[in-house]
Amino acid sequence: MDKKIGRNDPCPCGSGKKYKQCCQKREQFERTKKDIKMRSIKSLSGGITNMMSNIGDLNKKLTEKKEEPSEPVKPPESPESLEP
Ligand SMILES: [Zn+2]
């Protein structure tokens, strides 16, 4: 499969036509179809990853905000009250 087919070579499918007039068009069409699919999948997964990281950031912020006030509110236990 290393052999590259020239555009003016007879098509390997055996149609007798030149490759550029036969299967090359179909191959290009398939390739563009695949390309579009890959691109849309990539952009979609990229968007999801972005969304997930955004959610993670949000979660982090929320937990940080939740933990922040709980610490100062908690009264510091003085060692004097524990040891009468
Ligand atoms: Zn062909």
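Residues numbered from 1 in each chain as written. Predicted model: local features only at pLDDT ≥ 70, side-chain atom pairs only at ≥ 80, totals over all residues. Heavy atoms only, no water.

With that out of the way, let us pick up the overall build of the protein chain. Looking only at helices and strands, the protein chain features 2 helices and 0 strands. Each of the 84 residues in the protein chain was classed as buried or not, and the buried ones make up 6%. When the accessible surface of the protein chain is split by element, carbon and sulfur atoms take 58% of a total near 8,300 Å². (Helix = DSSP H or I, 4+ residues; strand = E, 2+ residues; numbered from the N terminus. Buried < 20%, exposed > 50% of the residue type's maximum accessible area, 1.4 Å probe, protein only. Areas by Shrake-Rupley, 256 points an atom, 1.4 Å probe, with all protein chains shown as cover.)

Within the first shell, the zinc ion binds the protein through C11 (SG), C13 (SG), C22 (SG) and C23 (SG), at distances of 2.1 to 2.3 Å. Each of the 4 donor atoms around the zinc ion contributes to a set of angles spanning 103 to 115°, which defines the coordination as tetrahedral. In terms of primary sequence, the donors binding the zinc ion are separated according to C-x1-C-x8-C-C. (Donors = N, O, S within 2.8 Å, 3.2 Å for Na, K, Ca; no water. Tetrahedral: all angles 85-135°; square planar, octahedral: opposite > 155°, others 65-115°.)

This part is about a nonpolar patch on the surface. On the surface, a nonpolar cluster with roughly 520 Å² of combined accessible area is contributed by L44, I48, M51, M52 and I55. Relative to the assigned elements, I48 resides in helix α1 (residues 23–73). Classification of I48 by relative accessible area gives partly exposed; the value is 44%. (Patch = residues over 30% accessible without salt bridge, like charges linked within 9 Å, V, L, I, M, F, W, Y side chains within 5 Å. Salt bridge = Lys/Arg side-chain N within 4 Å of Asp/Glu carboxyl O.)

Right, let's get into the side chain of Q24. By the element assignment, Q24 lies in helix α1. Not counting the four nearest positions on each side in its chain, Q24 is found in contact with R7 and Y19. (Contact = heavy atoms within 4.5 Å.)

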